[in-house]
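Structural features, examined
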Amino acid sequence: MKIITKDDFIDLFSKCKQRGIDYVLSKLTLNRLSRTKSSFNQSKIIHSNWWIIPLVRKRWNILITGKADKTYEEYMMTEVFQDKKKLKLLSIGSGSCSHEITLAKYDNFEEIVCVDLAQNRINEAKEIAKKLCLKKIKFVCEDIFKYKIEDDYYDIIFFHQSLHHIKKVDNFLKTKVSSWLKLNGNVVINEFVGENRMQLSKYQINAINKALEIIPIKYKSRFKTGHIKTKFYGSGILRMMLADPSECVDSSNIIKSLHKHFNPIVEKGFGGNIIMNVLKDISHHFVENNKEKEKILKKLFEFEDAYLKSNKSDFVFGIYQKK
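Just so it is clear, the structure is predicted and the values come from calculations on it, not from any experiment.

**Observations regarding a positive patch on the surface**
On the surface, Lys2, Lys6, Lys202 and Lys231 cluster together to form a positively charged patch. You can see Lys202 is positioned in helix 9 (residues 202–212).

In structure tokens, the structure reads:
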């Protein structure tokens, strides 16, 4: 575990350029919840992370559903829950609610409830749902630990990159999630399940730097700063705590805890161990595709595939049934 790294200073400078000094100053409060809220209570955040790359998203689809053009939401509703009707779904930490809005278009659902701390994201989601005339989806700005939820009520509890923000995940799944689910209810996750606080091993950091060498220097200039990304150092624990005290707080226990309290129905890793970190801050170069960039990304994907043969995936899509 490293207290501070060179990447922490680079990230601080980048955040000032990308989100403004006010965002950085918002991290100086002693209130942990306020620091967490500041990470999400912004709309149209400017960034250059791996998920903005179309070919990366297609890779996720292939690893999860087997088809480049089939999303995990479509997979859920056409291959797992296709015969289920009048489903009630609770989404915890729903953010912009884009995945929940997609699910709300399916007739299988009677009710979808999205709960998140960020008021502006909830407001934006409400407007989108209104324009789409989606009547069965509800949006709540609330702390999930304060929001009153009836026991044995939901068929599905849904986490898209939110469960890794929960402290003591085993206790949460056992005492909260299990009690809110009906008999044979399901948990669905699309989650980071890697090391707590993203404290990567030297082995993983070395592999990331080896993969970084695949990218030509002309595609290594960092977004909004122009600085060249020549090496990856990882995140220091101090930066992780200051930026968002809830970030990856108990992520390494997610899969173990799910297996303890639920039976896996579907569990598919989709990587991220290498390419998320390689492409951080330089992903904007690969949004518009050409043959050269496609070749580079293909080499990165092959590198990560080789790494995953002997290492657990940092990201997992899974569907689990209550024991």
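**Some points on the pattern of salt bridges**
Applying the stated rule across the entire model yields 13 salt bridges. Measuring nitrogen to oxygen at the nearest pair gives 3.6 Å for the salt bridge that ties Lys260 to Asp170. Of this pair, Lys260 sits in helix 11 (residues 254–261) while Asp170 sits in helix 8 (residues 169–180), and the two are 90 residues apart along the sequence. Overall, the relative accessible area of 22% leaves Asp170 in the partly exposed class. Each member of the salt-bridge network shares a partner with another, and the members are Asp8, Asp11, Arg239 and Lys280.

**Let's talk about a nonpolar patch on the surface**
A cluster of nonpolar side chains, namely Ile3, Ile4, Phe9, Leu238 and Leu242, defines an oily patch on the protein surface of about 490 Å² accessible area. In this fold, Phe9 is placed in helix 1 (residues 6–19).

**Overview of helix 8**
When we look at burial in helix 8, the residues that qualify are Val169, Phe172, Leu173, Val177, Ser178 and Trp180. Seen end-on, helix 8 carries its buried residues on one side only, within an arc spanning 150 degrees.

**Brief notes about the pairing of strand 5 (residues 181–192)**
The element strand 5 is largely enclosed, with a buried count of 9 among its 12 residues. Inspection of the sheet shows strand 4 (residues 154–160) paired to strand 5 by 6 bridges, in the parallel sense. Looking at the pairing, Ile157 lines up with Val187 of strand 5. Viewed along the sheet, the connection from strand 4 through helix 8 into strand 5 turns out right-handed. Here strand 5 pairs with strand 7 (residues 315–322) via 7 bridges, running antiparallel.

**A few points about the nonpolar core**
One finds Met76, Ile137, Phe139, Ile215, Leu279, Leu300 and Phe317 to be the most contacted residues of the largest nonpolar core, which totals 56 residues. Counting residues in each nonpolar core, the second largest holds 28 residues, with Tyr154, Val193, Ile255 and Tyr320 among its members.

**Observations regarding the sheet that holds strand 3 (residues 137–141)**
What the 7 strands build is an open sheet, ordered 3-2-1-4-5-7-6; its pairing is mixed. What marks the edges here is a single partner per strand, and that holds for strand 3 and strand 6 (262–269). Averaged over all neighbouring strand pairs, the angle between strand axes comes to 15 degrees, with direction disregarded. For strand 1 (residues 87–92) and strand 4, the ladder comprises 3 bridges, and the chain directions are parallel. Among the inter-strand pairings, Leu90 is bridged to a residue of strand 4, identified as Ile157. Helix 5 (residues 72–80) contacts strand 1, strand 2 (109–116), strand 4, strand 5, strand 6 and strand 7 of the sheet and is inclined by roughly 30 degrees relative to strand 7.

Analysis parameters
Residues numbered from 1 in each chain as written. Predicted model: local features only at pLDDT ≥ 70, side-chain atom pairs only at ≥ 80, totals over all residues. Heavy atoms only, no water. Patch = residues over 30% accessible without salt bridge, like charges linked within 9 Å, V, L, I, M, F, W, Y side chains within 5 Å. Areas by Shrake-Rupley, 256 points an atom, 1.4 Å probe, with all protein chains shown as cover. Salt bridge = Lys/Arg side-chain N within 4 Å of Asp/Glu carboxyl O. Lys, Arg positive; Asp, Glu negative; His and termini not counted. Charge placed at Lys NZ, Arg CZ, Asp CG, Glu CD. Helix = DSSP H or I, 4+ residues; strand = E, 2+ residues; numbered from the N terminus. Buried < 20%, exposed > 50% of the residue type's maximum accessible area, 1.4 Å probe, protein only. Arc of directions from axis to C-beta. Pairing = 2+ DSSP bridges. Right-handed = clockwise from strand over helix to strand, strands pointing away. Core = buried A, V, L, I, M, F, W, Y, C linked by side-chain atoms within 4.5 Å. Axes fitted to C-alpha atoms, helices over the stretch in contact; angles between N-to-C directions. Contact = heavy atoms within 4.5 Å.

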